[in-house]
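# A look at the structure
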Number of protein chains: 2
Amino acid sequence: MTALKYSRQRESIKNFLMHTSSHPTADMVYLHVKETFPNISLGTVYRNLNLLADMGEIIKITTPDGADRFDGRTTPHYHFFCNECGCMMDLDMAPLSQINEVAGQNFEGEIDSHTVTFYGKCVSCLHHDTKATAV
Amino acid sequence: MTALKYSRQRESIKNFLMHTSSHPTADMVYLHVKETFPNISLGTVYRNLNLLADMGEIIKITTPDGADRFDGRTTPHYHFFCNECGCMMDLDMAPLSQINEVAGQNFEGEIDSHTVTFYGKCVSCLHHDTKATAV
DNA sequence: TCAATAATAATAATAATTACTATATTTAGA
DNA sequence: TCTAAATATAGTAATTATTATTATTATTGA
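Note that the structure is a prediction, hence the values are computed from the model and not measured. Each chain has its residues counted from 1, running along the sequence as written. Labels follow written order: the first chain is A, the first ligand is 1, and so on. For this predicted model, a pLDDT threshold of at least 70 governs which residues receive local features, and a threshold of 80 or more governs which side-chain atom pairs are given and counted, while totals over whole chains, interfaces and linings are taken from all residues. Hydrogens and waters are ignored; side-chain quantities use all the structure's heavy atoms.

Attention now moves to the pattern of salt bridges. Residue and element names in this part refer to chain A. By definition, a salt bridge exists where a carboxyl oxygen of Asp or Glu is found within 4 Å of a side-chain nitrogen of Lys or Arg. For the coordinates displayed, the defined rule picks out eight salt bridges over all chains. Between Asp65 and Arg69 there is a salt bridge; the shortest N-O distance is 3.8 Å. Accessibility expressed as a relative area gives 8% for Arg69, which makes it buried. Relative accessibility thresholds used throughout: buried, under 20% of the residue-type maximum; exposed, over 50%; partly exposed, between the two (1.4 Å probe, protein chains only).

This is how it looks when you write it as structure tokens:
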């Protein structure tokens, strides 16, 4: 109900997320936007991130390392999470379009969406390893 | 390196997880085990849950509602999370066995595992809805 | 039985996020 | 353009989930 009012801070937050693929945490967004708005508060960042996520303009990603991350790319895609450095990146692979129906076959509830997250070691962690990893 | 020593508390925690499919949070585990060990501490529950997860005897599940959940079922399977009541349940569907390779095709890192989580509304939330949902 | 070691309970500390409130910004209308 | 209503903000306090600390207790191998 409550009408949304423009704010430069929100625009800056959204703009940052549209132009990065780093899947930043709220704190990383805060540090970035702080460069333009030196006295923006962390609460403002959180409130706007949640607002934008609720409106579907960005996506909130739950990760195993505590802080949630945010993604300005809203078209369906999947993520990789590095167990070593905690970085998160997009994967270049086709969406599993039938999977919601497959999952719904032996399930009585209603399935609207899904997330897929892959885990392992990112390229740069592979290369920075001191020990050679035997296969 | 450090040798593991038996503890009745840890056994009780593991036993609970082996016999429930409720995907409890640390706090729910605490409340349950408290019935048998009235002065067990929450820290003990957390420490043992992490220990068991590290040993691969249970699984830690990241959820969008803050608290992590724990699962005594360690064979590959997928989860459903109800956006309305926050309950989590197992889905009866075949594991996507090829998906790690598919994801790895255009990816330079190393992919070890994946999780799939479905979102929507569970049966009991569907039924308890006051409004009829038009399709 | 005993000594070494790991586990515990109780508590304090930390990290991520949300809530509160007085002030500032936005915006629709006169 | 000016004004008033409504929303947004900064700054701060509070909450929640989790980890760290430490003195005491339980386990275990000799």
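Once that is clear, we can look at the relation of the copies chain B and chain A. We superpose the copies by least squares over the C-alpha atoms of residues that have a pLDDT of at least 70 in both of them. For the pair chain B and chain A, the superposition axis carries a translation of 0.0 Å, the fit reaches an RMSD of 0.1 Å, and the rotation angle comes to 180 degrees. Both copies of the chain, as the preceding transformation shows, are related through a two-fold rotation axis. Across chain B, the smallest distance between a C-alpha and the rotation axis is recorded for Val116 of chain B, namely 2.2 Å. It only takes one pair of heavy atoms within 4.5 Å for two residues to be counted as in contact. Of the interface residues in chain B, 100% have counterparts in chain A that sit at the interface too, so the contact is made through matching surfaces.

This part takes up the packing of helix α1 (residues 8–18) of chain B against helix α2 (residues 26–33) of chain B. Residue and element names in this part refer to chain B. Lines fitted to C-alpha atoms define the axes, with helix axes restricted to the stretch in contact, and inter-axis angles between N-to-C directions lie between 0 and 180 degrees. For helices the rule is a DSSP run of H or I covering at least 4 residues; for strands it is a run of E covering at least 2, with both sets numbered from the N terminus onward. Contact geometry for α1 and α2: axes closest at 10 Å, N-to-C directions at 110 degrees. Judged by the inter-axis angle, α1 sits roughly perpendicular to α2. Taken as a pair, α1 and α2 cross one another with a handedness that is right-handed. Here Ser12, Ile13, Phe16 and Leu17 of α1 lie close against α2, whose contacting residues are Met28, Val29, His32 and Val33. Three residue categories are used. Nonpolar comprises Ala, Val, Leu, Ile, Met, Phe, Trp, Tyr, Cys and Pro, charged comprises Asp, Glu, Lys and Arg, and polar comprises the others, including Gly. Classifying every residue of the contact of α1 with α2 gives six nonpolar, two polar and no charged. The scheme is simple: roughly parallel for angles under 35 degrees, roughly antiparallel for over 145, roughly perpendicular for 65 to 115, oblique for anything else. Handedness of a crossing is defined here by the sense of rotation of the near helix relative to the far one, left-handed for an anticlockwise turn of less than a right angle and right-handed for a clockwise turn.

This brings us to helix α1 (residues 8–18) of chain A. Residue pairs three or four apart in sequence face the same way in an α-helix, which turns once every 3.6 residues. Residue and element names in this part refer to chain A. Those residues of α1 that fall on the buried side of the exposure criterion are Arg10, Ser12, Ile13, Phe16 and Leu17. Projection of α1 onto a plane perpendicular to its axis shows the buried side chains occupying an angular sector of 165 degrees, all on one side. For α1, the elements touching its buried residues are α2 (26–33), α3 (42–54) and β2 (69–71). It is the directions from the helix axis to the C-beta atoms whose arc is reported.

All names here are of chain B. By the element assignment, Cys125 lies in helix α5 (residues 123–128). Sequence separation between Cys125 and Cys87 is 38 residues, and the spatial gap between their C-alpha atoms is 9.9 Å. If we ignore the near neighbours within four places in the chain, the residues touching Cys125 are Cys82, Glu84 and Cys85.

Take the sheet that holds strand β4 (residues 88–91) of chain B next. Strand pairing requires that DSSP identify at least two bridges connecting the strands. Read across the sheet, six strands follow the order β4(A)-β3(A)-β5(A)-β5(B)-β3(B)-β4(B) without closing on themselves; strand pairing throughout is mixed. In this open sheet, the two edge strands, each paired with only one partner strand, are β4 (88–91) of chain A together with β4 of chain B. Each neighbouring strand pair of the sheet contributes to a mean axis angle of 30 degrees, computed without reference to strand direction. Here strand β3 (residues 78–82) of chain B pairs with β4 of chain B via four bridges, running antiparallel. From the neighbouring strand, Tyr78 of chain B faces β4 of chain B, where its bridge partner is Leu91 of chain B.

Each side of the interface is counted separately: chain B has 32 residues, and chain A has 32 residues. When two parts are brought into contact, each loses some accessible area as probed by a 1.4 Å sphere; the total of that loss over both is the buried area. Between chain B and chain A, a total of about 2,700 Å² is buried, with carbon and sulfur atoms accounting for 66% of that surface. Within 3.5 Å is the distance limit for a polar contact, defined as a pair of N or O atoms, with the added protein rule that one can donate a hydrogen and the other accept it, and that residues adjacent in sequence qualify only through two side-chain atoms. Across the contact surface, chain B and chain A share 10 residue pairs in polar contact (both at pLDDT 80 or more). Elements represented by at least two residues in the side of chain B that touches chain A include exactly β4, α4 (99–104), β5 (110–121) and α5 of chain B. Taken together, the residues that form the side of chain B that touches chain A break down as 17 nonpolar, 10 polar and five charged. As paired elements, strand β5 (residues 110–121) of chain A and β5 of chain B share 11 bridges and run antiparallel to each other. Following the sheet pairing, Thr117 of chain A is matched in β5 of chain B by Thr115 of chain B.

Turning our attention to the nonpolar core. Side chains of nonpolar character tend, in soluble globular proteins, to be buried together. Grouping buried Ala, Val, Leu, Ile, Met, Phe, Trp, Tyr and Cys residues that are joined through side-chain atoms within 4.5 Å yields what is termed a nonpolar core. By size, the foremost hydrophobic cluster in this structure holds 26 residues, and its most contacted members are Phe80 and Phe118 of chain A together with Phe80 and Phe118 of chain B. Taken together, the elements giving at least two residues each to this core come down to β3 (78–82), α4 (99–104) and β5 of chain A together with β3, α4 and β5 of chain B. Residues contacting Phe118 of chain B, with those up to four places away along its chain left out, are Ile99, Asn100, Ala103, Ile111, Ser113 and His114 of chain A together with Tyr78, His79, Phe80, Phe81, Leu91 and Met93 of chain B.

Take the domain arrangement of chain A next. Residues and elements named next belong to chain A. Splitting chain A by domain gives domain 1 (1–72) and domain 2 (75–135). Residue ranges for the domains originate in an automatic or database domain assignment. Using only C-alpha atoms to locate each centre, domain 1 and domain 2 end up separated by 23 Å. At the junction of the two partners, domain 1 supplies nine residues and domain 2 supplies eight residues. Taking both sides of the interface into account, the surface hidden between domain 1 and domain 2 amounts to around 660 Å²; carbon and sulfur atoms contribute 63%. In this assembly, domain 1 and domain 2 are joined by zero salt bridges. On the surface where domain 1 and domain 2 come into contact, there are six residue pairs in polar contact (both at pLDDT 80 or more).

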